[in-house]
Structures are given as structure tokens and as C-alpha cells.
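# Geometric and topological summary
Here is what each chain is made of, one letter per residue.
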Amino acid sequence: VGGRTGRDGIHGATFSSGELTHEHETEFSHAVQIGNAITEKKMLDCMLQARDAGLYTAITDCGAGGLSSAVGEMGQKIGAEVHLDRVPLKYAGLSYPEIWISEAQERMVLGVPQQNVKPILKIFADEGVELARPADLADRARGVGRELTGALDSAGTWAPGSAEPTVAITGRPNAGKSSLLNALSGMDRAIVSAMAGTTRDVLTAPAELGDGMEVLLLDAAGLDAAADPLTRAAHAAATEAVSSADAVLLVIDAADPDIPADAALLAEVRRLNPRAPLLAVANKTDLNPDVADAARRLGLALLPVSALTGAGLDELRAALADALADASPPRPAGLGLHERQRERIASAAGAAARAGYKRSVRGRERFAYT
Ligand SMILES: Nc1nc2c(ncn2[C@@H]2O[C@H](COP(=O)(O)OP(=O)(O)OP(=O)(O)O)[C@@H](O)[C@H]2O)c(=O)[nH]1
Ligand SMILES: [Mg+2]
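Residues numbered from 1 in each chain as written. Chains lettered and ligands numbered in written order. Predicted model: local features only at pLDDT ≥ 70, side-chain atom pairs only at ≥ 80, totals over all residues. Heavy atoms only, no water.

The protein goes by TrmE-type G domain-containing protein in an unreviewed UniProt entry, where it is assigned to marine sediment metagenome.

### Details of the site of ligand 1
Around ligand 1 lies a shell of 22 residues, among which K177, S179, G197, T198 and T199 are the nearest. S178 places a polar side-chain atom, nitrogen or oxygen, 2.8 Å from an oxygen atom of ligand 1. At 2.9 Å, a backbone N or O of A307 approaches an oxygen atom of ligand 1. Across the complex, the protein chains shield 89% of the 650 Å² of accessible surface that ligand 1 would expose by itself. A total of three residues in the shell around ligand 1 trace back to one element, the largest contributor, which is helix 8 (residues 177-185). In terms of residue class, the shell around ligand 1 is built from nine nonpolar, ten polar and three charged. (Near = heavy atom within 4 Å. Polar contact = N/O pair within 3.5 Å; in protein donor to acceptor, adjacent residues only side chain to side chain. Areas by Shrake-Rupley, 256 points an atom, 1.4 Å probe, with all protein chains shown as cover. Helix = DSSP H or I, 4+ residues; strand = E, 2+ residues; numbered from the N terminus. Nonpolar A, V, L, I, M, F, W, Y, C, P; charged D, E, K, R; others polar.)

### What to know about helix 10 (residues 236-244)
Turning to helix 10, its buried residues number three or more, namely A238, A241 and V242. An end-on view of helix 10 places all buried positions within 95° of arc, on one side of the element. On its buried face, helix 10 sits against strand 4 (166-171), strand 6 (214-219), strand 7 (247-253) and helix 11 (259-272). (Buried < 20%, exposed > 50% of the residue type's maximum accessible area, 1.4 Å probe, protein only. Arc of directions from axis to C-beta. Contact = heavy atoms within 4.5 Å.)

### Side note on the nonpolar core
With 26 residues, the main nonpolar core has V167, L180, L217, L249 and L316 as its most contacted residues. Listed by contribution, the elements that provide at least two residues to this core are strand 4, helix 8, strand 5 (203-208), strand 6, strand 7, strand 8 (278-283) and helix 13 (313-327). With six residues, the top contributor of residues to this core is helix 13. L249 has contacts with V167, A168, I169, T170, L180, L184, L279, V281 and L316, leaving out every residue within four places of it along the chain. (Core = buried A, V, L, I, M, F, W, Y, C linked by side-chain atoms within 4.5 Å.)

### Remarks on the pairing of strand 4
With six of six residues buried, strand 4 lies mostly within the body of the structure. Residues T166, A168 and T170 of strand 4 are buried on one face, and the alternating residues V167, I169 and G171, pointing to the opposite face, are buried as well. Two strands pair when backbone bridges link them, and strand 4 and strand 6 are joined in this way by four bridges, in the parallel orientation. Across the sheet, the residue bridging to I169 is D219, located in strand 6. (Pairing = 2+ DSSP bridges.)

### A short note on the environment of T239
Here T239 lies in helix 10. Given the relative accessible area of 22%, T239 is considered partly exposed. Along the chain, T239 and L272 lie 33 residues apart, while their C-alpha atoms are 7.5 Å from each other.

### Some points on unusual backbone geometry
Across the chain, the bulk of peptide bonds are trans and the bulk of non-glycine residues have phi less than zero. If you check the backbone angles, N174 has positive phi at about 75° while not being a glycine. When you line up the elements, N174 lands in the loop between strand 4 and helix 8. The phi torsion at K284 lies on the positive side, around 65°, for a residue other than glycine. Relative to the helices and strands, K284 resides in the loop between strand 8 and helix 12 (292-298).

### Topic: the side chain of T60
The topology assignment puts T60 in strand 1 (residues 58-62). Here A70 takes part through its backbone oxygen, which lies 3.4 Å from a polar atom of the side chain of T60.

### Comments concerning the sheet that holds strand 6
With mixed pairing, the six strands of this open sheet are ordered in space as 5-6-4-7-8-9. Each edge of the sheet is formed by a strand with only one pairing partner; in this case those strands are strand 5 and strand 9 (302-304). Strand after strand, the sheet turns through a mean of 30° between neighbouring axes, direction not considered. Relative to strand 9, strand 8 runs parallel, the two sharing three bridges. Counted as the bridge partner of A280 is L302 from strand 9. This element, helix 10, spans strand 4, strand 6 and strand 7 of the sheet and lies at about 130° to strand 4. Against the sheet, helix 11 engages strand 4, strand 7 and strand 8, with an angle of about 175° to strand 7. (Axes fitted to C-alpha atoms, helices over the stretch in contact; angles between N-to-C directions.)

### Some words on the pattern of salt bridges
Taken as a whole and judged by the stated rule, the model has nine salt bridges. As a salt-bridge pair, R51 and D52 come within 3.2 Å of each other at their nearest N and O atoms. For D52, a relative accessible area of 52% corresponds to the exposed category. Across the salt bridge formed by D293 and R297, the nearest N and O atoms sit 3.9 Å from each other. One end of the pair, D293, and the other, R297, are both in helix 12, four residues apart, so they sit about a helical turn from each other. You can call D293 partly exposed: its relative accessible area is 36%. Looking at R297, the relative accessible area reads 48%, which means it is partly exposed. A cluster of three or more residues bridged by salt bridges with shared partners is formed by D293, R296 and R297. (Salt bridge = Lys/Arg side-chain N within 4 Å of Asp/Glu carboxyl O.)

### Focus: the environment of A355
Residue placement: A355 occurs in helix 14 (residues 339-357). Expressed as a C-alpha distance, the spacing of A355 and A138, which sit 217 residues apart in the sequence, is 6.5 Å.

Now the structure itself:
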């Protein structure tokens, strides 16, 4: 509302923000807005009436930066739709960028609730103050509200299952489980030693299987099927790791085969976690590359690897990735939301809907004059 837009308000802020030199006056002679005292007075009268009647909820003047800063400030949180073609002009021939930045203190941008549009238009009409055809932001707010509600309705629930899958590494003492965890994760996470029974706790380390697939490796030592019940109870953590893992890696020591013990362990793993895919590797193939006999006797395909030299590790990563991709349920398409995220979006949707339907507005102007 208010004065028409012309070229006289362009670069006003550049002028007023610059260093004043003797050349300034000639350089910026066009930057001083030619105010119209009558327009200004009529505007002022309208604004006071509208303010006292509580007809608008937001107001900015088209000072520095003109519409660009006025609309920019008002639309900061909710966005804005600008119709530069509707701005009343002093004369034809202004480009859109000129309309967008031209400044004038006698021109204002107002936010007016839908139900107040008619009464405020009447005030302007009575005083003969010109205004651009109002745009309907309320409709826009309702649209945003509907979009948010739609997003909520179609969103799934975020499940911890969408965290990286876990792979439990198990095998007889000294088979090379910790060495394999270190080699696959690229970290020196676990202590490796020639002494059987080195690892006591369940150790974890992240590893990448390629194609961006991340897994959490668990060094689940201590799953010793031959141990007495008391020792096995002490290894509850390892048992738990195997039971809850998304995949199990059974490590067999190719350098020191003990097929009956490995077979017993295999049966134990299958009992603890029948649903997770099980991969068996023959480790230390640098010492003994012949794994065919062990594989035949266990009735298992054995991936030959060496944690020491790194041989076979790429193949193991690929096989693990395949097994996990087949086993894990497809992630729900689209958005998965936490309860808190759901609440926040619902609250935003409610606010947008209220902005679209607001009946009475108690607040005074929420934007300061620039
Ligand atoms: N030559 C050779 N030695 C290996 C290989 N992997 C592990 N070792 C050695 O085997 C021994 C046991 O390795 P660890 O990784 O500690 O075995 P572990 O299964 O974690 O043992 P525990 O924690 O005691 O159950 C160490 O001396 C390792 O250096 C391998 O691929 N080749
Ligand atoms: Mg270990």
C-alpha cells in the first residue's frame, strides 16, 4: 500500500551506507527518493486507523532494499509468493529487478488476516490510498498445513532396525576372530595373541562392506560349546551377541582343524540364531590353503581367508553384504519418523492451519519498522 514505485528509490541504501565524498552527490543524485507529502500523510492516516482497529498482524516499510527486504523479512519463516506484476508503478518501463529493490518510506507491506481484508481495503479506499491487489497467503498457509498432514499420514515409523546391521564373529578360541575383526574394520580394536581365550568381553568395531553398507562387527569370543555350564554362563554376553546378530560369521582355524568342535559350535550357533544368515570362513589359509576336506566334513561352504595377509577379505565383505541384503527386510520407502519428529510436524501443521483460519488477531504488529 502507499506510494507508487519508481526508479528514484534504487540504490538508496547503497548511498546511505557508503562513505560520503565530494563525488557522492553527483554519483548518487538519483538515489534520493522523491517523497510525496500528500501520499505520505494519507498513508499515515490509514495506517493509524488500521492499527487501532487491529486489522493487520505484520507490517514492514519498503525502506532499504524496497520490497526485497520488506517481503524477505516478513516471509523469513513461512516463505512468500511475490507478484511483481501487480505493483503499482509511477511510470511504465521498470524491470522486475527495479520493482523488487526500489525503496520508499511511504510504501508498506502488510500481513492481513483474511477476515480483515475487506475492512482494511475500505480504509484505504476512503483515504484514496492505492494498493496492490492482495495475494492470498491464508490459502497458502492452509496448503502448507495440508502438505504436512499428508506427509505425516504417509510417513512410516523410524525403527532402530534401520541402524547398521550387526555381524557376530564366533569360532573356537584362537581361530583368529579378533584378527578378523581388526582386519575387516581397519582398526586395531581387539587384542590378538597366540594364547587361546584372549578375548573376554564382546568387542565391537564398525566396518564397511563396500557400496556404502556399514555393519557393526561383534567379536563374540567365548562361545565354547565344549565348556562346562558354569563357564558358558559367564559367556552370556557372547551368547547374546550371537542370538541377536543380523548375521553370524563362524571362523574355523585352517591351521589347526578340530572338526568335531567346529561342528558342535556350528550346531550351537544355528540353535541360538536360526534366522540370521551364517557364513563360515576358514582362516589362516596362509598356513594351510587346503580347506576342502574341512568344508566337506562340516557340510558347509568355507570362504578361505587370511586375517594376517588380507587374502579373501574382499570376497568375504561381498558375501556378507549379499547375505545381509537378502536377509534384512526392505526399509520402508519414504519418511521414517521418531515420535518426537511426529509431534513437531503435527504442531507445525496445526500452526499452518490456524494461520489459514485465524478469526481474531489480538497481537499488534510483530515487525518493526526498518
Ligand atoms: N598365520 C596366521 N595367523 C593368524 C591369522 N589370524 C590370526 N592369526 C594368529 O592366531 C592367533 C590368535 O588370533 P586371535 O585373533 O587373537 O584369535 P581369537 O579367535 O580372537 O582368539 P581368542 O580371543 O583367544 O578366542 C594370533 O597369534 C594371531 O596372530 C592368519 O590369518 N594367519
Ligand atoms: Mg580374540
